[in-house]
Amino acid sequence: MIHIFRHYVPGRLIILAALEALVLLISACVGISLHLAGSGAAIPGAGAAVPPQAVVFALGMMVIMSSMGLYQPDSRDSDPSIGVRWAAAFLLGFAVTVLASYLEPSLNPGPVVLGATLIVALAGSVLVRAAFYRWNNLGTFKSRVLVLGTGSRVMKLAEYAQRNSNHQVIGYVALQPSRHYIPLPQVLPMTPEDTLLSVVEKHAIDQIVVAVRDRRGGGFPVQQLLECRMKGVKIIGLPTFFEREYRQVLLESLNPSWMVLGDGFHQGYFGNAVKRLFDLIASGALLLLALPVMLVAALCIYLESGGPVLFRQERVGQGGRIFTLYKLRSMKNDAERDGTPQWARVNDDRSTRVGRFIRKWRIDELPQIFNVFQGEMTFVGPRPERPFFVDQLVKQIPFYALRHCAKPGITGWAQVRYQYGASIDDAIEKLQHDLYYVKNHCLFLDFMILISTVEVVLWGRGAR
């Protein structure tokens, strides 16, 4: 994992993105050279600067491919949707390029040059991804991990490690026999003659994750860990490892001292001011674009089930303050006829036909642009919850109130990384993602979430 502006990004995805960006840049330069040759203009030499049009094309294609989910950390070559997403990304990129050429005739290279550029880009991307997935399947980019500890806290790590592509857990080592058997895969036996260093050398371990709860007394192998550290093996605690590898904060291993003494939880004035400025500009522009969509949706809601078309609901915002959230009504007027708040559910039978459509495509969320414009919400942040549920969750889930340190958002890290849920267990999973965002939030992470939100909307991940 590579730490970029407080956000952890898998190194293998950076390599893939860099290789594909290079291929796209080369294909754009080939297209520009063909266009210049056809028009009789001089073709720049090998030492000439890269044309700005090529850079714009490459960056635009990278954004489109990212929004299609082609750079998700958990994406695999065996995923049947990868080919569809890849094809959709190039078709959209080609359409945007044609539209840009039509709007600016001086940049129009003609269908032959555009076709040649697309073929070069397609061929290069296919070769890059084929080689990358082969190297990844061979374990080229995976770190070999040894987990020190076999207690209950390790179960969550073992569950996540089975579907992770960034590292490979070679085994788990128990410091002492446990009276409570924890079913873990690959528990490595250690004889009295074995040391951690011998196990590390035998299995070519790159890093050791310390998942031992009690480190007092003489049972904790500090000297052996120091020997491993001096041999170049990384030593990392379970909470930090979980945050770095899975981009969420593990509640089961969380303690106040880790949050107080660690990095993160920045609340700088400059960063907040820049984010607020972005919210004002983006909300104004998006409001103009979304207003026709909201008007059509409101008309459909009214024709199907009458008024009101706008739904108002109290939510808990930053600092625990209550505000009124606006949405387009997607449920029947008597959805909570007894007055008791209820979790929204997948395929909720209280939804109207129009409601199911606008919820799938997130059109019902568009009126929250007014909340952003008023400063009650931001575009990216933890989703605001209703006071009734907050009162319950604060009592049942430790550190739940910490999510209110950040301003709530229309979209968030939990929304793009976890499916829609409506239970205490789902609230815990979402909180782990929300705490990661609160701890590491920055403009770069906001940008990544906005791109991932496009993928969620287009492919219907997490739709209610």
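Higher on the page you've got the structure.
Computed from a prediction, not measured in an experiment: that's the story for all the values here.

About the thresholds
Residues numbered from 1 in each chain as written. Predicted model: local features only at pLDDT ≥ 70, side-chain atom pairs only at ≥ 80, totals over all residues. Heavy atoms only, no water. Helix = DSSP H or I, 4+ residues; strand = E, 2+ residues; numbered from the N terminus. Buried < 20%, exposed > 50% of the residue type's maximum accessible area, 1.4 Å probe, protein only. Contact = heavy atoms within 4.5 Å. Areas by Shrake-Rupley, 256 points an atom, 1.4 Å probe, with all protein chains shown as cover. Lys, Arg positive; Asp, Glu negative; His and termini not counted. Charge placed at Lys NZ, Arg CZ, Asp CG, Glu CD. Salt bridge = Lys/Arg side-chain N within 4 Å of Asp/Glu carboxyl O. 1 Å grid on protein atoms, 1.4 Å probe; cavity = no way out; pocket = protein on both sides within 12 Å on 5 of 7 lines; lining within 4 Å. Points joined across faces, edges and corners; volume = space filled by probe spheres on them. Axes fitted to C-alpha atoms, helices over the stretch in contact; angles between N-to-C directions. Parallel < 35°, antiparallel > 145°, perpendicular 65-115°, else oblique. Left-handed = near helix turned anticlockwise from the far one by under 90°. Nonpolar A, V, L, I, M, F, W, Y, C, P; charged D, E, K, R; others polar. Polar contact = N/O pair within 3.5 Å; in protein donor to acceptor, adjacent residues only side chain to side chain. Pairing = 2+ DSSP bridges. Expected span 1.5 Å × (residues − 1).

Chemist: Mind showing me how you'd approach the overall build of the chain here?
Modeler: When helices and strands are tallied, the chain shows 16 helices and 10 strands. Dimensions of the chain, computed from C-alpha atoms along their principal axes, come out at roughly 75 × 70 × 40 Å. For the chain, the residues scored as buried account for 44% of the 464 residues in total. Taking all contacts inside the chain whose residues are at least 6 apart in sequence as the whole, residues at least 24 apart take part in 74%. A total of about 23800 Å² of accessible surface is found on the chain, and carbon and sulfur atoms cover 64% of it. Averaging the positions of the 47 positive and the 35 negative side-chain charges in the chain gives two centres separated by 1 Å.

Chemist: How do you make sense of the pattern of salt bridges when you look at a structure like this?
Modeler: Two side chains that carry opposite charge are able to pair once their charged atoms sit near each other. Evaluation of the coordinates by the stated rule reveals 12 salt bridges. Between glutamate 365 and lysine 327 there is a salt bridge, with its nearest N and O atoms 3.9 Å apart. Separated by 38 residues along the polypeptide, glutamate 365 in the loop between helix H11 (353-360) and helix H12 (368-373) and lysine 327 in strand S8 (residues 322-328) bring together distant segments of the chain. On the accessibility criterion, lysine 327 (11% relative accessible area) is buried. Glutamate 365 is the partner of arginine 383 in a salt bridge, and the nearest nitrogen-oxygen pair spans 3.2 Å. Taken together, the residues span a long stretch of sequence, with arginine 383 in the loop between strand S9 (378-380) and helix H13 (387-396) and glutamate 365 in the loop between H11 and H12 at a distance of 18 residues. Its relative accessible area of 13% is what places arginine 383 among the buried residues.

Chemist: Is there a simple way to explain empty space enclosed by the protein in this structure?
Modeler: Regions of empty space are outlined by a rolling probe, equal in size to a water molecule, passed over the atoms. Tallied over the full model, the rule gives one cavity of 30 Å³ or more. In this structure, the largest cavity occupies an estimated 70 Å³ of space. Every residue lining the largest cavity is listed: Phe57, Met61, Phe90, Gly93, Phe94, Thr97, Leu114, Thr117, Leu118 and Ala121. Of all the secondary structure elements, the ones that give two or more residues to the lining of the largest cavity are helix H2 (52-67), helix H3 (81-103) and helix H4 (111-137).

Chemist: I would appreciate a short explanation of the packing of helix H15 (residues 424-440) against helix H16 (residues 443-459) in the present structure.
Modeler: Geometry of a packed helix pair, given as the angle between the helix axes and the separation of the axes. Contact geometry of H15 with H16 gives a least axis separation of 9 Å together with a crossing angle of 140°. Classified by the angle between their axes, H15 and H16 sit oblique to one another. The handedness of the crossing between H15 and H16 comes out as left-handed. Contacts from Tyr436, Tyr437 and Asn440 in H15 reach Leu445, Asp446 and Ile449 in H16. A per-class count over the contact of H15 with H16 returns four nonpolar, one polar and one charged.

Chemist: Is there a simple way to think about the side chain of serine 143 in this case?
Modeler: Its place among the elements puts serine 143 in strand S3 (residues 143-148). The buried category is assigned to serine 143, whose relative accessible area is 18%. Within the local environment of serine 143, its side chain forms a polar contact with the side chain of glutamine 207, the two groups lying 2.9 Å apart. Contact partners of serine 143, with chain neighbours within four places excluded, come to Asn166, His167, Gln168, Asp206 and Gln207.

Chemist: Is there a simple way to explain the environment of isoleucine 363 in this structure?
Modeler: Positionally, isoleucine 363 belongs in the loop between H11 and H12. Among all residues touching isoleucine 363, those that are not within four sequence positions of it are Val293, Ala297, Leu328, Phe357 and Ile358.

Chemist: I tried to follow the side chain of glutamine 248 on my own but got confused; where do I start?
Modeler: Tracing the backbone through its elements, the reader meets glutamine 248 in the loop between helix H8 (238-246) and helix H9 (256-261). Of the polar contacts made by the side chain of glutamine 248, one reaches the side chain of glutamine 432; its length is 2.7 Å. Other than its neighbours up to four places away in sequence, glutamine 248 contacts Tyr160, Phe242, Glu243, Glu429, Gln432, His433 and Tyr436.

Chemist: Hey, could you run me through the sheet that holds strand S5 (residues 207-210) in this one?
Modeler: Spatially, S4-S3-S5-S6 is the arrangement adopted by the four strands of the open sheet, whose pairing is parallel. Every other strand in the sheet has two partners, leaving strand S4 (167-173) and strand S6 (234-237) as the edge strands with one partner each. For this sheet, the mean inter-axis angle between neighbouring strands, taken without regard to orientation, is 25°. Where S5 and S6 come together, four bridges link them in parallel fashion. Pairing of isoleucine 208 across the sheet is with isoleucine 235, part of S6. Contacts from helix H5 (residues 154-161) reach S3, S4 and S5 within the one sheet, and its direction differs from that of S4 by about 145°.

Chemist: Hey, could you run me through H15 in this one?
Modeler: Note: α-helices contain 3.6 residues per turn, so residues at a spacing of three or four share the same orientation. Its 17 residues place the ends of H15 24 Å apart at the C-alpha level, agreeing with the 24 Å of an ideal helix rising 1.5 Å per residue. Within H15, 14 of the 17 residues are buried, which leaves it mostly tucked inside the rest of the structure.

By themselves, these observations are geometric and do not establish any function.
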